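Chain by chain, the residues:
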Amino acid sequence: MPEPRLLIDQDLHAGAEIALDEAQARHVGTVLRLDVGGILRPFNARDGEWRARITVREKRSMRVVLESLLRQAKPSPDLDLLFAPVKRHATDLIVEKATELGARRIRPVVTQRTIAETVRVDRLESIAREAAEQTERFDTPEIFDAVSLVRALDGWDMARPLIYADESGDEDGKAWGGDSGRARPIGEAISAKSEKLALLIGPEGGFTPEERRMLRAMPYVIPVSLGPRILRAETAVIAALSIIQSVWGDWRGA
Ligand code: SAM
């Protein structure tokens, strides 16, 4: 089994002696049962990943000394996830999976049918941190407070196409908006050219026809279909991010 990774928000360099915070020291000593002489892999987005040896273990503290650089840091693709917060468990899952799948920023947006209007950023940050440690990435996604969809779109950076997952057709009275005006399949609609990208996934109740018209009128919005089945919001996030990473992001040539 590879040595455990630990995200450390301090400068990492050869010979540095690092004090783990109390929660990390408890995790390494009690859960992972590592003692003096044990090897860890501290990392961060600036200084990369290091091999470190535990030199001091006390009840509530632990010190490690950095021995050698294992990997230079590499940023995640410049990919934002905008999603409408859903129930707590599903929101947690979205943050964990978006971290595993390499989103660089996570931006909760409140739409007309969103059921949860706030998120606990600190909670989501700790979920993202744990997922980043497990998933061998160097950075953790930046997590923002929830804002309204309109505010999120205000002043949008035109160089960042917004991939909008839209399952509906244009006919408001019909189930799923009928068949006309359906978006193109995601794999055909996105191009590998732009340097940055964002993905927008709606709430369990979907976007209102008004929001859909507003989104489709934006020049930077690319509506996409995720196939003939209606996916739960969390499934849609996972499916769309996977396709984006394989067509546009860092799954190419990986
Ligand atoms: N419109 C639905 C409703 O009224 O219950 C379902 C919304 S779906 C559960 C949640 C979100 O996932 C949608 O807003 C959309 O962004 C995305 N989504 C789910 N299935 C999709 C599909 N087949 N194509 C495109 N987007 C999809």
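1. Examining the pairing of strand 7 (residues 105–110)
Within a regular beta strand, the side chains point alternately toward one face of the sheet and then the other, so they alternate between its two faces. With five of six residues buried, strand 7 is to be regarded as a mostly interior element. Where strand 6 (residues 79–83) lies against strand 7, four bridges are found, and the strand directions are parallel. Across the sheet, aspartate 80 pairs through a bridge with arginine 105, a residue of strand 7. With helix 2 (residues 88–100) bridging strand 6 and the parallel strand 7, this β-α-β connection has right-handed handedness. Two elements, strand 7 and strand 8 (residues 142–143), share two bridges in a ladder whose sense is parallel. When the sheet's bridge partners are listed, isoleucine 106 is paired in strand 8 with isoleucine 143. Remark: the strand 7/helix 3 (residues 121–135)/strand 8 crossover connection has right-handed handedness. As judged from the two bridges shared by strand 7 and strand 9 (residues 147–148), these two strands associate in the parallel manner. Its bridge partner lying in strand 9, valine 110 is registered against serine 148.

2. Overview of the site of the ligand
Taken together, 19 residues sit near the ligand, with Ala165, Glu167, Leu226, Arg229 and Leu231 positioned nearest. Glutamate 204 is positioned with one of its backbone polar atoms (N or O) 2.9 Å from an oxygen atom of the ligand. Coverage of the ligand by the protein chains reaches 89% of its 580 Å² of free accessible surface. When atom positions are compared with the pocket grids, the ligand is found to occupy the largest pocket. Across the shell around the ligand, the residue classes break down as 10 nonpolar, five polar and four charged.

3. Examining helix 6 (residues 209–217)
When helix 6 is considered as a whole, its buried residues turn out to be Glu211, Arg212 and Leu215. With its buried residues spanning 100° around the axis, helix 6 presents them on a single face. Turned more than 90 degrees from where helix 6 packs its buried face, Glu210, Arg213 and Ala217 sit exposed. In this fold, the buried residues of helix 6 make contact with helix 4 (149–153), strand 10 (162–165), strand 12 (197–201) and strand 13 (221–225).

4. Digging into the packing of aromatic side chains
The geometry of an aromatic ring pair is captured by the separation of the ring centres together with the interplanar angle, meaning the angle of the planes. If you walk through the whole model with that rule in mind, you get two aromatic pairs. A centroid spacing of 5.4 Å and a plane angle of 15° characterise the contact between tryptophan 156 and tyrosine 220, whose relative ring orientation is stacked. Separated by 64 residues along the polypeptide, tryptophan 156 in the loop between helix 4 and strand 10 and tyrosine 220 in the loop between helix 6 and strand 13 bring together distant segments of the chain. Assessed through its relative accessible area of 8%, tyrosine 220 is described here as buried. Seen in terms of ring centroids, tyrosine 164 and phenylalanine 207 are 5.3 Å apart; in terms of plane orientation they differ by 85°. Their pairing is edge-to-face. With tyrosine 164 in strand 10 and phenylalanine 207 in the loop between strand 12 and helix 6, this residue pair connects regions lying 43 residues apart in the sequence. Just as tyrosine 164 is buried, phenylalanine 207 falls in that class too.

5. Regarding empty space enclosed by the protein
By the definition in use, this model includes one cavity of 30 Å³ or more. Quantified by volume, the largest cavity comes out at close to 30 Å³. Residue classes in the lining of the largest cavity are distributed as three nonpolar, one polar and three charged.

6. Here we look at helix 2
Taking 1.5 Å of rise per residue, the 13 residues of helix 2 would be expected to cover 18 Å, and the 19 Å separating its terminal C-alpha atoms lies within 8% of that figure. Those residues of helix 2 that fall on the buried side of the exposure criterion are Ala90, Thr91, Asp92, Ile94, Val95, Ala98 and Thr99. Here the buried face of helix 2 lies against strand 6, strand 7, helix 3, strand 8 and helix 7 (233–247). Phi turns positive, to about 90°, at glycine 102, one or two residues after helix 2.

7. Section: the nonpolar core
By size, the foremost hydrophobic cluster in this structure holds 33 residues, and its most contacted members are Leu81, Ile163, Leu199, Ile201 and Ile244. Mapped onto this core, the elements with two or more residues apiece are strand 6, helix 2, helix 3, strand 10, helix 5 (186–189), strand 12 and helix 7. Top contributing element to this core by residue count: helix 7, with six residues. For isoleucine 163, the residues in contact, after removing those within four places along its chain, are Ile186, Ile190, Leu197, Ala198, Leu199, Leu200, Ile222, Val224 and Ile244. In terms of nonpolar packing, the next biggest core, distinct from the first, is built from 16 residues, Leu6, Ala16, Met62 and Leu66 among them.

What counts, and at which threshold
- Residues numbered from 1 in each chain as written.
- Predicted model: local features only at pLDDT ≥ 70, side-chain atom pairs only at ≥ 80, totals over all residues.
- Heavy atoms only, no water.
- Buried < 20%, exposed > 50% of the residue type's maximum accessible area, 1.4 Å probe, protein only.
- Helix = DSSP H or I, 4+ residues; strand = E, 2+ residues; numbered from the N terminus.
- Pairing = 2+ DSSP bridges.
- Right-handed = clockwise from strand over helix to strand, strands pointing away.
- Near = heavy atom within 4 Å.
- Polar contact = N/O pair within 3.5 Å; in protein donor to acceptor, adjacent residues only side chain to side chain.
- Areas by Shrake-Rupley, 256 points an atom, 1.4 Å probe, with all protein chains shown as cover.
- 1 Å grid on protein atoms, 1.4 Å probe; cavity = no way out; pocket = protein on both sides within 12 Å on 5 of 7 lines; lining within 4 Å.
- Sits in = over half its atoms within 2 Å of the grid points.
- Nonpolar A, V, L, I, M, F, W, Y, C, P; charged D, E, K, R; others polar.
- Arc of directions from axis to C-beta.
- Contact = heavy atoms within 4.5 Å.
- Phe/Tyr/Trp six-rings, centres within 6.5 Å; stacked < 30°, edge-to-face > 60°.
- Points joined across faces, edges and corners; volume = space filled by probe spheres on them.
- Expected span 1.5 Å × (residues − 1).
- Core = buried A, V, L, I, M, F, W, Y, C linked by side-chain atoms within 4.5 Å.

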